[in-house]
Amino acid sequence: MGQFEAFVGVNFWTALFTLLNFLILFFVAKRFLIGPILAIIENRQKEIDDMYSEAGCAKDHALALEEEYKQKLVSADEAVKVIKSGDWVDYGWCNNTVDALDVALAKRTDELKNVNLRGGILLKPLAVFEREDAGEHFTWNSWHMSGLERKLIARGCAYYAPIRYSELPRYYRESSCPDDVAMFQVAPMDKHGFFNFGPNASHLGAMCETAKHIIVEVNENMPRCLGGTECGVHI
């Protein structure tokens, strides 16, 4: 019986050292293992919370842009009503020259006189010059002539403006006769609210800076071309 009691008995010093070892291991693990792990988990949770918060803000911003887009969206016929006799109107450049807006403006030919259109490198005939008497209502002022524009000169309703092309943005920014209306084709609006000029950026950024009114004609097929800070206009 005495041997059994000795076998199952608890030695005070052994128990004390065991407890102390346990406590030391616990505090060491908490300091060097559990603490860093909890910190990693906390930081990761914060990253997730921030990500959801940013996503929520981005969604709200996108919804606000979409709402602003809907408010500003009008038909081509309605948009060109801002153009008045005597105005200077930029028609775009090369393949972002307006199409639907050109047709809409042509419908107002009899209402208008001395509307000065600006553009260049026309790739197709303009609706505003289909009538034989178009020169009594519109003039075309080209920065760079294509064959179509030279034919308009022969009709007496177009002029060539000699320029140094690299300085064209400066001409717009320093012009004493800025555009009353600038209208041109663009790519669909991106998630940040920008309409890209496509492969026709050229001087369009400077043109938008100085124009009194800007009208964009959205073309679903216009490619987005990035680079620099003047490749689009914000809604």
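Our subject is the structure that appears above.
The shown structure was predicted, so the numbers you read here are calculated from the model rather than taken from an experiment.

## Quick notes on the overall build of the protein
Phase 1: When its secondary structure is counted, the protein shows seven helices and eight strands.
Phase 2: Burial statistics for the protein: of 235 residues in total, 33% are counted as buried.
Phase 3: Long-range contacts, defined here as pairs at least 24 residues apart, represent 71% of the contacts in the protein between residues at least 6 apart.

## Observations concerning the pattern of salt bridges
Phase 1: Following the criterion strictly, the structure yields 18 salt bridges and no others.
Phase 2: With a shortest N-O distance of 2.8 Å, Glu167 and Arg170 are connected by a salt bridge.
Phase 3: One salt bridge connects Glu209 with Arg173, and the closest N-O pair in it is separated by 2.9 Å. Residue Glu209 is found in helix α7 (residues 204-210), and its partner Arg173 is found in helix α6 (residues 168-174); the two are separated by 36 residues along the sequence.
Phase 4: A relative accessible area of 37% means that Arg173 is categorised as partly exposed.

## Structural notes on the sheet that holds strand β2 (residues 115-119)
Phase 1: In spatial order, the strands read β4-β3-β2-β1-β5-β7; together these six strands make up an open sheet with parallel pairing. Whereas interior strands pair on both sides, the edge strands pair on one side only; in this sheet they are β4 (158-160) and β7 (213-218). For this sheet, the mean angle separating the axes of adjacent strands, direction not counted, is 20 degrees.
Phase 2: Alignment of strand β3 (residues 138-142) against β4, held across three bridges, turns out to be parallel. Residue pairing across strands places Trp140 opposite Ala158, the latter belonging to β4.
Phase 3: Lying over the sheet, helix α5 (residues 147-154) contacts β3 and β4, oriented at roughly 120 degrees with respect to β4.

## Comments concerning the nonpolar core
Phase 1: One finds Tyr91, Leu105, Leu117, Val128, Phe129, Trp140 and Met183 to be the most contacted residues of the largest nonpolar core, which totals 27 residues.
Phase 2: Counting residues per element, the ones that place at least two in this core are α4 (100-106), β2, β3 and β5 (181-186).
Phase 3: Sorting elements by how many residues they give to this core places α4 first, with four residues.
Phase 4: If sequence neighbours within four positions are ignored, Met183 has contacts with Val80, Ile83, Val89, Asp90, Tyr91, Gly92, Val98, Leu101, Leu105 and Ile215.
Phase 5: In terms of nonpolar packing, the next biggest core, distinct from the first, is built from 17 residues, Leu168, Phe195, Met207 and Cys208 among them.

## Examining the pairing of β3
Phase 1: Burial analysis of β3 places five of its five residues in the buried class, which makes it a mostly covered element.
Phase 2: Two elements, β2 and β3, share five bridges in a ladder whose sense is parallel. Pairing of Arg118 across the sheet is with Asn141, part of β3.

## Regarding unusual backbone geometry
Residues apart from glycine generally show negative phi values, whereas peptide bonds are mostly found in trans.
Phase 1: Its identity is not glycine, yet Asn114 carries a phi of approximately 55 degrees, on the positive side.
Phase 2: For Asn114, the position within the fold is in the loop between α4 and β2.
Phase 3: Exposure remark for Asn114: the relative accessible area of 45% places this residue in the partly exposed category.
Phase 4: Phi at Ser202 is positive, roughly 40 degrees, even though this residue is not glycine.
Phase 5: Structurally, the position occupied by Ser202 is in the loop between β6 (194-196) and α7.

## With respect to the packing of aromatic side chains
The relation between two aromatic rings is expressed through the spacing of the ring centres and the mutual angle of the planes.
Phase 1: Under the counting rule described, the total for this entry stands at five aromatic pairs.
Phase 2: For the ring pair Tyr91 and Trp140, a centre distance of 5.9 Å and an interplane angle of 75 degrees mean the geometry is edge-to-face. Remark: Trp140 occurs in strand β3 and Tyr91 occurs in the loop between β1 (88-90) and α4; sequence separation between them is 49 residues.
Phase 3: Tyr91 sits in the buried class, given a relative accessible area of 0%.

## A look at the side chain of Asn196
Phase 1: Mapped onto the fold, Asn196 is located in strand β6.
Phase 2: A distance of 2.9 Å separates a polar side-chain atom of Asn196 from the backbone nitrogen of Cys225.
Phase 3: Not counting the four nearest positions on each side in its chain, Asn196 is found in contact with Val186, Ala187, Pro223, Arg224, Cys225, Leu226, Cys231 and Gly232.

## Section: the layout of surface pockets
Phase 1: Considered as a void within the structure, the largest pocket measures approximately 610 Å³ in volume.
Phase 2: Lining of the largest pocket is provided by 22 residues; of these, Lys72, Val74, Ile214, Ile215 and Val216 occupy positions nearest its centre.
Phase 3: No other element matches β7, which puts six residues into the lining of the largest pocket.
Phase 4: Split by residue class, the lining of the largest pocket holds 15 nonpolar, three polar and four charged.

Thresholds applied
- In this numbering scheme, every chain counts its residues from 1 along its sequence in written order.
- Local features in a predicted model are, by the rule used here, given only for residues with pLDDT of at least 70; side-chain atom pairs are given and counted only at 80 or more, and totals for whole chains, interfaces and linings are based on all residues.
- Processing note: side-chain calculations cover all non-hydrogen atoms of the structure and skip hydrogens and water entirely.
- Labels follow the DSSP assignment, with helices taken as runs of H or I lasting at least four residues and strands as runs of E lasting at least two, numbered in each case from the N terminus.
- Categorising residues by exposure relies on relative accessible area from a 1.4 Å probe, with only protein chains included: less than 20% of the type maximum marks a residue as buried, more than 50% marks it as exposed, and the intermediate range marks it as partly exposed.
- The criterion used for residue contact is that any of the two residues' heavy atoms lie within 4.5 Å.
- Think of a salt bridge as a Lys or Arg side-chain nitrogen and an Asp or Glu carboxyl oxygen that are within 4 Å of each other.
- Strands are labelled as partners when DSSP assigns at least two bridges between them.
- All axes are obtained by fitting lines to C-alpha atoms, using only the stretch in contact for helices, and the reported angles, taken between N-to-C directions, cover 0 to 180 degrees.
- Among the buried residues, those of types Ala, Val, Leu, Ile, Met, Phe, Trp, Tyr and Cys that are joined through side-chain atoms within 4.5 Å form a nonpolar core.
- Pairing of aromatic rings covers Phe, Tyr and the six-membered ring of Trp, with a centre-to-centre limit of 6.5 Å; geometry is then stacked below 30 degrees between planes, edge-to-face above 60, and tilted otherwise.
- Distance and chemistry together define a polar contact, namely a pair of N or O atoms within 3.5 Å, with one atom able to donate a hydrogen and the other to accept it when in protein, and with adjacent residues in sequence counting only for side-chain atoms on both sides.
- Detection works on a 1 Å grid of protein atoms alone, calling trapped sets that fit a 1.4 Å probe cavities and calling open sets with protein on both sides within 12 Å along at least five of seven lines pockets, with lining residues defined by an atom within 4 Å of a point.
- Grid points are joined across faces, edges and corners, and a volume is the space filled by probe spheres set on the points.
- Each residue receives one of three labels: charged for Asp, Glu, Lys and Arg, nonpolar for Ala, Val, Leu, Ile, Met, Phe, Trp, Tyr, Cys and Pro, and polar for the others, Gly being one of them.

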